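Next come the chains, spelled out residue by residue.
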Amino acid sequence: MNTALRKTVIAGNWKMNNTPSETKAMIAELRPLVADATCDVVLCVPYVDVFAAVEAAAGSNIKIGVENIHWAEKGAYTGEISAKMLAETGAEYVIVGHSERRQYFNETDKTVNLRTKAALAGGFKVILCVGETLDQRRSGYTFEVVRHQTAMALTGVSADELKNVIIAYEPVWAIGTGETATDEQANEVNCYIRKVLADLYCENCANATTIQYGGSMNAGNAAGLLAQPDVDGGLIGGASLKPVDFSVIVKAGSAE
Ligand code: 13P
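Throughout what follows, the structure given in this document is the object of discussion. (Residues numbered from 1 in each chain as written. Predicted model: local features only at pLDDT ≥ 70, side-chain atom pairs only at ≥ 80, totals over all residues. Heavy atoms only, no water.)

1. With respect to the state of the cysteines
In step 1: With the rule as written, the count across this model stands at one disulfide.
In step 2: With its sulfur 2.2 Å from that of its partner, cysteine 202 forms a disulfide with cysteine 205. Every disulfide takes its handedness from the sign of the S-S torsion; for cysteine 202 and cysteine 205 that torsion is 90°, giving right-handed.
In step 3: Classification of cysteine 202 by relative accessible area gives partly exposed; the value is 30%.
In step 4: Left unpaired, cysteine 39 is separated from the closest cysteine sulfur, that of cysteine 44, by 14 Å.
In step 5: No disulfide involves cysteine 129; its nearest neighbouring cysteine sulfur is the one of cysteine 44, lying 8.9 Å away. (Disulfide = S-S within 2.5 Å. Buried < 20%, exposed > 50% of the residue type's maximum accessible area, 1.4 Å probe, protein only.)

Below, the structure written as structure tokens:
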């Protein structure tokens, strides 16, 4: 982290977990545990839980986000949700381009770009996910993959809009596997993504952008990862479903 240059953001990605009543109970438990955090705390929840989450987090330092967004304002897109619809929920963040959507739901660089632009135009903060598969890493394509995904996703996004973008580097091989990137691996790729942002925008823009790491981050390994200069937070799956564990990560993100 480099808190002098940019915000540290610890975000949970609940994925397809928790009912509305479970949402209320979990946030009630989490609130006091993260009340003195100095980093930003975000929970990205399933659409069906958004109203319960916003209500349960009201008056706290926990911000609520969702896990996807459609690019059209409205129309015949069964099962999708637009920025205009989300605007009335109180959600402030949107995850875009998660590898599970790329892997299982035919998300492409093109649709990631459309979703990113729609979310930004709708006034949301975007958590944009990029990351290589195990095969790509083994073949030496990690940098190429994250450069391509980042550049494609940000096509048509202005430097001003970039202020509302957080990049989450999530190596696919580390997600839900218990196999975390080492502190050095995470920092190396985050540092490279910052170079990509400097090329696409400017040095200052790159330095001001929060770049998280995600992939089996937990209460035990968070402090080491977050101590790296280019790891500005975490996008946390499994451990975000356990309030005490998540609060330990938030504490690590609040260290000076
Ligand atoms: P895990 O923390 O469960 O590995 O998930 C990471 C992730 O995909 C967050 O978006």
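2. Thoughts on the site of the ligand
In step 1: Taken together, Asn13, Lys15, His98, Glu170, Ala174, Ile175, Gly176, Gly215, Ser216, Leu235, Gly237 and Gly238 make up the full set of residues near the ligand.
In step 2: The separation between an oxygen atom of the ligand and a polar side-chain atom of glutamate 170 is 2.9 Å.
In step 3: Within the complex, 95% of the 300 Å² of free accessible area of the ligand lies under protein.
In step 4: Taken together, the residues that form the shell around the ligand break down as three nonpolar, seven polar and two charged. (Near = heavy atom within 4 Å. Polar contact = N/O pair within 3.5 Å; in protein donor to acceptor, adjacent residues only side chain to side chain. Areas by Shrake-Rupley, 256 points an atom, 1.4 Å probe, with all protein chains shown as cover. Nonpolar A, V, L, I, M, F, W, Y, C, P; charged D, E, K, R; others polar.)

3. Describing the environment of valine 157
In step 1: Within the secondary structure, valine 157 sits in the loop between α7 (142–153) and α8 (159–162).
In step 2: Sequence-wise, valine 157 and leucine 120 are 37 residues apart; in three dimensions their C-alpha atoms are separated by 8.5 Å.
In step 3: Among all residues touching valine 157, those that are not within four sequence positions of it are Thr116, Lys117, Leu120, Leu162 and Tyr201. (Helix = DSSP H or I, 4+ residues; strand = E, 2+ residues; numbered from the N terminus. Contact = heavy atoms within 4.5 Å.)

4. Thoughts on the pairing of strand β2 (residues 40–45)
In step 1: Counting buried residues along β2, five of its six residues qualify, which places the element largely inside the surrounding structure.
In step 2: Bridge count for strand β1 (residues 9–13) against β2 is five bridges, and the pairing is parallel. Residue alanine 11 lies in a different strand from β2, and its bridge partner there is valine 42.
In step 3: The β-α-β motif built from β1, the intervening helix α1 (residues 20–33) and the parallel element β2 has right-handed crossover chirality.
In step 4: By the bridge criterion, five bridges tie β2 to strand β3 (residues 62–66) in an arrangement that is parallel. When the bridges of β3 are listed, cysteine 44 appears paired with glycine 65.
In step 5: Each parallel crossover has a hand, and for β2 linked through helix α2 (residues 50–57) to β3 it is right-handed. (Pairing = 2+ DSSP bridges. Right-handed = clockwise from strand over helix to strand, strands pointing away.)

5. Description of the packing of aromatic side chains
In step 1: Taken as a whole, this structure holds three aromatic pairs when the rule is applied.
In step 2: Taking 6.4 Å as the distance between ring centres and 85° as the angle between the ring planes, the aromatic pair formed by tyrosine 104 and phenylalanine 105 counts as edge-to-face. Residues tyrosine 104 and phenylalanine 105 agree in their burial class; the two are exposed.
In step 3: Note on phenylalanine 143 and tyrosine 192: the rings are 4.5 Å apart at their centroids and 25° apart in plane angle, and the pair reads as stacked. Taken together, the residues span a long stretch of sequence, with phenylalanine 143 in helix α7 and tyrosine 192 in helix α9 (residues 183–200) at a distance of 49 residues.
In step 4: The class for phenylalanine 143 is partly exposed, based on a relative accessible area of 32%. (Phe/Tyr/Trp six-rings, centres within 6.5 Å; stacked < 30°, edge-to-face > 60°.)

6. Details of the packing of α1 against helix α12 (residues 243–253)
In step 1: Where α1 contacts α12, the axes come no closer than 9 Å and their chain directions differ by 35°. Where α1 crosses over α12, the two elements pack in a sense that is right-handed. Across the interface between the two elements, Met26, Glu29, Leu30 and Leu33 from α1 touch Pro243, Val244, Phe246, Ser247 and Lys251 from α12.
In step 2: Looking at side-chain class alone, the contact of α1 with α12 contains six nonpolar, one polar and two charged residues. (Axes fitted to C-alpha atoms, helices over the stretch in contact; angles between N-to-C directions. Left-handed = near helix turned anticlockwise from the far one by under 90°.)

Bear in mind that shape data such as this cannot, by itself, settle questions of function.
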